[in-house]
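# Summary of structural features
Spelled out, the chains give:
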Amino acid sequence: MATYKPVVVQAFPKLGERITQDTVYWRGYKTPVQIKEFGAVNKIDFSPVPPYNYAVTASSRIHIYGRYSQEPIKTFSRFKDAAYCATYRDDGNLLVAGSEEGSIRLFDVSGKAPLRQFNGHTKAVHVVGFLSDKYRIFSGGDDYSSSLWDIPSATEIVSYSEHTDYVRCGCASKVNADVFVTGSYDHTVKLFDARTKSSVLTIEHGQPVESVLLFPSGGLLVSAGGRYVKVWDVLKGGQLLVSLKNHHKTVTCLCLNSSGQRLLSGSLDRHVKIYSTTSYKVVHSFNYATSILSLALSVSTLEIFLGKEDFCVSKPVKRVLRKYDKLLKSFQSSKALDAVLEPPIRLYTPEVTVAVMQELHRRGTLRSALAGRDEKQINLLLTFVARRVIEPRFTPVLVTVADMITDIYQPVVGQSAIVDRQFLRLQEAIGKEIDYQEELLEVLGMMDTLFATFTKKRATYLEENKSNGLTETIEMNINN
Amino acid sequence: MVAPATLRVVRCGGSSLHGARAVFSADSKYLLCASGDFVKMYSVATEETLRLMGGHADLVTGIQLNPRNHMQLYSSSLDGSIKLWDFMDGIPIKTFTVGSKLLALYALASSEDSVFVVIPKSGERDTFQLVSVKLTKAAGQDLEARELSVVLDGVDASPKHIAFGREGEYVASVKEVNLQVYFFKQKQLNRFSVSTTKTKSGNNHFTCIACHPTEDCIATGHADGKIRLWRNFCHKKEYTFSTLHWHHDTVMDLAFSMEGTRLLSGGVESVLVLWHNESDRQKDFLPRLGSAIEYISMSSDGALCCTLHTDNRITIINSNLRFCKSIQGLIKSTDVKTGLVVDPRTKALVLNGEPGHLQFYCLQSDQQLFSLDIVQRQYIHQAGLNQADLVKVAFSAQGKWLATVEEREEVSDPELQLKLWFYDEETQSFKLNTRINMPHEDHITDMCFRDMDELEDDSLILVTSGRDCVFKVWVMVEDTDPEAQQRVSWSCDFVGSYHNYQATNCCFSEDGSLLAVSFEETVTVWDSVTWDLKCTFCHPPGKIRNICFGRLTCSKYLIGATDYGFLCCWNLLSCALEWSAHLNVLVLQPDPLSEHIAAISWLSKESSLFVFKPNEPRPIYIQRNLCKEKIQLAAFVPRDEPEVIGSEKYLWLRRSQLFFLTDTQELMTLSTKSLEERLTPSSKQLAVEESLPVTPFSLLLGKHRRQQSQEGTDLRKLVVHNKHEQDSPAVKELLHTPAHVLPSASFLCPIFINSLLISKENKSAEEVADEVEMESEKTDDDSDEERDVTEMEQEDTSPVELLGEMTCKLSKAQEKELRKIRKMDYSWISAF
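Please read all numbers here as calculations on a predicted model, not as lab measurements. (Residues numbered from 1 in each chain as written. Chains lettered and ligands numbered in written order. Predicted model: local features only at pLDDT ≥ 70, side-chain atom pairs only at ≥ 80, totals over all residues. Heavy atoms only, no water.)

### A closer look at the overall build of chain A
Counting its secondary structure elements, chain A contains 10 helices and 28 strands. Of all 480 residues assigned to chain A, the portion counted as buried reaches 47%. Considering only contacts in chain A between residues 6 or more positions apart, those separated by 24 or more positions represent 45%. Put simply, chain A shows about 24200 Å² of open surface, and 54% of that area lies on carbon and sulfur atoms. (Helix = DSSP H or I, 4+ residues; strand = E, 2+ residues; numbered from the N terminus. Buried < 20%, exposed > 50% of the residue type's maximum accessible area, 1.4 Å probe, protein only. Contact = heavy atoms within 4.5 Å. Areas by Shrake-Rupley, 256 points an atom, 1.4 Å probe, with all protein chains shown as cover.)

If you want it as structure tokens, here you go:
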């Protein structure tokens, strides 16, 4: 006894796109879970220790989610106004967050109330983070200053007021406990050393800097601002290595994978691009329903992207029977056709729609599935057919479908202006295609004659030098 | 000692299983089934064919258990005889000759000494009658049974159209739109009919009938998919019926459960439907059984039911409608388009199986090895649908690559797919490597791989010829990208054509250097390296039907068979016709291991076989009247080891065996052996204890008893022939103890190995030891001589290798003693 076999959707190789290990790996990520948050999510951070919980900062709350459930495990909500940039310490025990009112709060992950509160910034603090020695915190605020704080005494160690606009991003070096970078809307990225009184390096990005990242080696720095992602060599004094322009809206966030071999960038244009850090070429790209504000990648195979109002968790999923397959399994042909005429399938994967139509035709039920539809549905069907019938991969099936539709709905022509218009559009599309094909055949014929005359000329030319044995053999080969 | 036996045509599989309903033995352990001229007995537990009972001269049309002895079976056949078998031993007990064709057989518990058969009415064509046959009790094997009494007239020939109700009180028969019920006691005949209606799906003719086992209720199936339940039919006028309708196509068979509470029905949809309480509302389904259900039968205890399908498969289903077992031999497909191909890896015969599948059929065990899903689409069981099917298949020389072509007939243009499969060693199955949509614009007529055993993979070439007037050469392309999923894929390398003729056949020479492609009336020969046209052969009139190259010493010849009945042999060296013969050849099959070529022709309504060598126009062997049916397909299957064949005439059968498939899809072969030699029943010993019912208690006790008896037999065996590897008790114990009571494999391993080694290893080891200790123990040898002899006799029979633990447990002292005994000189015994 066999199990039900799903409909085979013909895959056609796309020109230019190759299936690499990257595409196979990243394609495994699906978006099965969407979690709604109040207000925009501005930061998401994975705990560096198992079980890899993640902290999501949105509006005035910090939620901590576990790996499997979509309900927050824990919530920190001691903020009067918006909270920003909740970040884990390396050991996963402490969490620090900035806030709209200018104070920075330090939480114990297991506790509830803040352990420390650092006051000093006069305006909102959008970026905070731990230095790699675990005892100090850096921060950047809307008061243009970036500061360094001591955790045990809760005092400010040093404050730099070098930026000339809001400081909105920053990152601590993993190799040196004194070094951290901040990026600002004044188009610069500044590298600070806690041991000195002023910044040690200034990099001009060219656009307001939205995100900055240091490589694990500490030698390379990535900054994102405007539509650009730029990679800088810090050791060479801030020399520009690569400038990547793969997004068509502002890049908002950057992220490295655990091995440091892939760089991810998320943008307001709803795309996430994955680059190889050896060639800086895009190896894969995702698109999402909403703009991406922040993204994080866990050490294990769990990944998170943030949208404006909600965020979704992507993880590898198992294949299940699709809706149209379920309907086909129970021989509900009309409903199966309806299912594949839903917007996402019809628009983005027309091959599925066509495959189901073909399957229905194979089962001999296509005519009954197409029949008995109202004006709106006929309109939809005809739009689809008129648009896709000229694509060579769909032509054989859609020609049959178009035939059947005209057959079935012949009696009602003239009763609805919309349907009539669609019929005319279909006719127009097919007429155009026929014209193209005729033209192509003409061109082919012309080329054939050209080639024919060309070879003839060569042959006569070679016949004149019969003494040359070598050319003779060439000629032989040509003729053959 | 080989006798010059005559060559016989032997049926070896694929005979149609649906002559009659299958019958479960009384204990539901065995399933009996009519299969062509034979009655087959299967074990329900293991799906094995246990017995093949042959004796009828024509198709078996009915089998029934003897109602008075559940170990006996009646079978009826078209040859006009009823046989009574003891199926446990496979012995025919009696043969009753009736005289006329028997089309169906029924046996009733209530009717003494008589069975009911359907016979054609004498003098009239296509009318049949149900008669009861008195089976005389006279002694002797062959008896005449001429006492016939007509019960019902005007019945239908199919065994499904008659049923006996409630302890044999009445018999019901259906024909077209009429139902007649005859009550034996009242001697009353009631006729009913349904009004003829014709719908899109078919008419409402009766197709099958079943009677309720305890109530007066008859269920009838109709061609339009309805099931009618008739009640109160003892009155002519006041009868009632209710209708159940689920099937959209013909109801092929019906069966009531033993209590009569449930009704099973099956049809073309290949869905088994279970109706509860004869109501329309409550029903269960078992879908996708593979092919149309032909017969349904229930076991007497109601625990199992089995369905016979049109493709010769038997499915056993348990009482809660779960798929249980499947017995499948050679699956009968509607049309064997692929031809007979031999898988070089398993030596299995490969051909169309289930729709869209490729079946690998093991010739030795008459079992399907596996079924490879090629089309990978859901098959809809509905008449009149045009679904993709497999049409061509080819294996590369080592069976590493498999090429398949599937097509879907379409009015405008056919849908074609060429698929290349790679044999995956890890999963031990074929994996799809490349799929090519529309390889040709029209049907593919032939396909072959370049068969070169010794060469590397990259020389592998596939050639397809199509009706679109071209042949195409496909080669493997290596993917240079290290990150790519597949290392190789296939793509087209060369397209050849000849004067716009349709390419009909293609064939590579044995060394792979030449490719012959036939274009209608012309054979063209191409160089397989440069793809130059080398020469052409033509022998008008008539299109080329088959071509093949000679092999080994005859590799310079090219053989072709044409439509108008010519067999031509061309010499490739002189490019001239060597000889030709007038013969209407249907099949041309070269033996891969010798020069012989078999040609099967169709002459004056019989198939004949000609075996010849290309270098000689005179055939080596001719067998006229091979069979009455047309033979469309044949294949040489290499033997595992060359057979010893005495007669010079049959030497061509030495290396490989010729199998051929008839129009009715029966697989036949030629054999020099007699039937008894060929059919070595797999298990002669059907132990009686096997037929005991299995209860938890018997399992508990039986295990204990079996162990005891086994130990007993082991001991006995040992006494009889001491050290025979096959009968080693440790091995026996391993094989016969139920798996769940065996200790872990690591524990059994040393025992097993020891048991294998014992005959030589033990001796030699001890001999060595003996020599070492020879001097030390020489002193006390003589004194205990007398006592030792008696001990020796006991010890020797003691099963040293019976259980591994025993050898381990032998204490040091005992070992010493043993050794002592061994090295004693017992030659003096013989002196007495």
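### Points about the environment of Gln261(A)
Residues and elements named next belong to chain A. Structurally, Gln 261 is set in the loop between strand 22 (251–256) and strand 23 (262–267). Placed 14 residues apart in sequence, Gln 261 and Tyr 275 show a C-alpha to C-alpha distance of 8.4 Å. Contact partners of Gln 261, with chain neighbours within four places excluded, come to Tyr 275, Ser 276 and Thr 277.

### Some points on helix 8 (residues 395–409) of chain A
All names here are of chain A. In this model, helix 8 (15 residues) spans 21 Å end to end at C-alpha, consistent with the 21 Å of a helix rising 1.5 Å per residue. For helix 8, the set of buried residues is Val 397, Leu 398, Val 401, Ala 402, Met 404, Ile 405, Ile 408 and Tyr 409. Angular distribution of buried residues about the axis of helix 8 spans 165°; they occupy a single face of the element. (Expected span 1.5 Å × (residues − 1). Arc of directions from axis to C-beta.)

### As for the sheet that holds strand 6 (residues 60–66) of chain B
Residues and elements named next belong to chain B. Spatial strand order, 6-7-8-9-13: five strands in an open sheet with mixed pairing. Either end of the sheet is taken by a strand with one partner, and the two such strands are strand 6 and strand 13 (142–144). The sheet shows a mean angle of 20° between the axes of neighbouring strands, taken without regard to direction. Sheet topology places strand 9 (residues 91–97) next to strand 13; three bridges connect them, and they run parallel. Bridge assignment links Phe 96 to a residue of strand 13, and that residue is Leu 143. (Pairing = 2+ DSSP bridges. Axes fitted to C-alpha atoms, helices over the stretch in contact; angles between N-to-C directions.)

### Brief notes about the side chain of Ser276(A)
Residue and element names in this part refer to chain A. Tracing the backbone through its elements, the reader meets Ser 276 in strand 24 (residues 271–276). At 2.8 Å, the side chain of Ser 276 forms a polar contact with the side chain of Thr 278. Once residues lying within four places of it in the same chain are set aside, the contact partners of Ser 276 are Gln 261, Arg 262, Lys 281 and Val 283. (Polar contact = N/O pair within 3.5 Å; in protein donor to acceptor, adjacent residues only side chain to side chain.)

### Some thoughts on the environment of Gln623(B)
All names here are of chain B. Among the secondary structure elements, Gln 623 is positioned in strand 54 (residues 621–627). By relative accessible area, which is 14% here, Gln 623 ends up buried. Taking C-alpha positions, Gln 623 is 8.8 Å from Val 611, a pair spaced 12 residues apart along the chain. Residues within four places of Gln 623 in sequence aside, it is in contact with Leu 7, Val 9, Ser 607, Ser 608 and Leu 609. A distance of 2.3 Å separates a polar atom in the side chain of Gln 623 from a polar atom in the side chain of Tyr 621.

### Structural notes on the interface of chain A and chain B
Every contact between the two is made by 22 residues of chain A and, on the other side, 25 residues of chain B. Here chain A meets chain B over a buried area of about 2200 Å², counting both sides, of which 44% is carbon and sulfur. If you look at where chain A meets chain B, you find one salt bridge. Linking Lys5(A) and Asp373(B) is a salt bridge whose minimum nitrogen-to-oxygen distance equals 3.2 Å. Viewed at the interface, chain B and chain A are joined by five residue pairs in polar contact (both at pLDDT 80 or more). A per-class count over the side of chain A that touches chain B returns nine nonpolar, seven polar and six charged. (Buried area = accessible area lost by both parts, 1.4 Å probe. Salt bridge = Lys/Arg side-chain N within 4 Å of Asp/Glu carboxyl O. Nonpolar A, V, L, I, M, F, W, Y, C, P; charged D, E, K, R; others polar.)

### Brief notes about a negative patch on the surface
Residue and element names in this part refer to chain A. On the surface, Asp 435, Glu 438, Glu 439 and Glu 442 cluster together into a patch of negative charge. For Glu 439, the position within the fold is in helix 9 (residues 417–464). Looking at Glu 439, the relative accessible area reads 48%, which means it is partly exposed. (Patch = residues over 30% accessible without salt bridge, like charges linked within 9 Å, V, L, I, M, F, W, Y side chains within 5 Å. Lys, Arg positive; Asp, Glu negative; His and termini not counted. Charge placed at Lys NZ, Arg CZ, Asp CG, Glu CD.)

### A closer look at the confidence of the model for chain A
All names here are of chain A. Overall, the predicted model of chain A reaches an average pLDDT of 82, with 87% of residues at or above 70. Within the model, the stretch residues 305–310 combines pLDDT values under 50 with 36 contacts to residues more than four positions away or in other chains. Taken as a whole, residues 458–480 scores under 50 in pLDDT and shows six contacts with residues more than four places along the chain or in a different chain. (pLDDT = per-residue confidence, 0-100.)

### Some points on the packing of helix 5 (residues 350–363) of chain A against helix 8 of chain A
Residues and elements named next belong to chain A. Between helix 5 and helix 8, whose axes approach to 10 Å, the crossing angle comes to 65°. When the axes of helix 5 and helix 8 are compared, the pair comes out roughly perpendicular. In the crossing of helix 5 with helix 8, the sense of the turn from one axis to the other is left-handed. Facing Val 354, Met 357, Gln 358 and His 361 of helix 5, the residues of helix 8 in contact are Val 397, Leu 398, Thr 400, Val 401 and Met 404. A breakdown of the residues in the contact of helix 5 with helix 8 according to their chemical character gives six nonpolar, three polar and no charged. (Parallel < 35°, antiparallel > 145°, perpendicular 65-115°, else oblique. Left-handed = near helix turned anticlockwise from the far one by under 90°.)

### Notes on the pattern of salt bridges
Following the criterion strictly, the structure yields 30 salt bridges over all chains and no others. In this structure, Asp338(A) and Arg373(A) form a salt bridge, with 2.6 Å as the shortest nitrogen-oxygen distance. Taken together, the residues Asp338(A) in helix 3 (residues 333–340) and Arg373(A) in the loop between helix 6 (366–370) and helix 7 (375–388) connect sequence positions 35 residues apart. Assessed through its relative accessible area of 29%, Asp338(A) is described here as partly exposed. We note a salt bridge from Lys534(B) to Asp527(B), for which the minimum N-O separation is 3.8 Å. Since its relative accessible area comes to 48%, Lys534(B) is described here as partly exposed. Put simply, Asp133(A), Arg136(A), Asp178(A), Asp193(A) and Arg195(A) are held in one network by salt bridges that share partners.

### Observations regarding helix 3 of chain A
Within the sequence span of helix 3 of chain A, burial applies to Ser333(A), Ala336(A), Leu337(A), Ala339(A) and Val340(A). One side of helix 3 of chain A holds all its buried residues, which, seen down the axis, span an arc of 155°.

### Things to note about unusual backbone geometry
Phi at Cys85(A) is positive, roughly 55°, even though this residue is not glycine. Among the secondary structure elements, Cys85(A) is positioned in strand 6 (residues 83–88). With relative accessibility at 9%, the residue Cys85(A) sits in the buried group. For Ser270(B), which is not a glycine, the phi torsion comes out positive at approximately 60°.

### Structural notes on the packing of aromatic side chains
All names here are of chain B. Scanning the entire structure with this criterion turns up 43 aromatic pairs over all chains. Aromatic side chains Tyr 170 and Phe 233 sit 5.2 Å apart centroid to centroid with 65° between the ring planes, which places their arrangement in the edge-to-face category. A residue pair is termed long-range when its members are at least 10 positions apart, and Tyr 170 in strand 16 (residues 170–175) and Phe 233 in the loop between strand 21 (226–231) and strand 22 (240–245) qualify at 63 residues. Taking relative accessible area as the criterion, Tyr 170 reaches 0% and is therefore assigned buried. Relative to Phe 430, the ring of Tyr 423 has its centre 5.1 Å away and its plane inclined at 75°; by these criteria the two rings are edge-to-face. For Tyr 423, a relative accessible area of 8% corresponds to the buried category. What makes Phe 430 buried here is its relative accessible area of 6%. (Phe/Tyr/Trp six-rings, centres within 6.5 Å; stacked < 30°, edge-to-face > 60°.)

### A look at the state of the cysteines
Evaluation of the coordinates by the stated rule reveals zero disulfides over all chains. In this structure Cys535(B) is a free cysteine whose sulfur lies 4.0 Å from that of Cys575(B), the closest cysteine sulfur available. (Disulfide = S-S within 2.5 Å.)

### As for the nonpolar core
Among soluble globular proteins, nonpolar side chains are generally buried collectively. Formed by 39 residues in total, the largest nonpolar core has its most connected members in Leu337(A), Met357(A), Leu370(A), Val385(A), Leu398(A), Val401(A) and Ile405(A). Listed by contribution, the elements that provide at least two residues to this core are helix 2 (323–329), helix 3, helix 5, helix 6, helix 7, helix 8 and helix 9 of chain A. At eight residues, helix 8 of chain A tops the list of elements feeding residues into this core. Dropping the residues within four chain positions of it, Met357(A) is found in contact with Leu337(A), Leu366(A), Leu381(A), Phe384(A), Val397(A), Leu398(A) and Val401(A). Grouped together as the second largest cluster of nonpolar side chains are 21 residues, Ala598(B), Leu609(B), Leu658(B) and Phe660(B) included. (Core = buried A, V, L, I, M, F, W, Y, C linked by side-chain atoms within 4.5 Å.)

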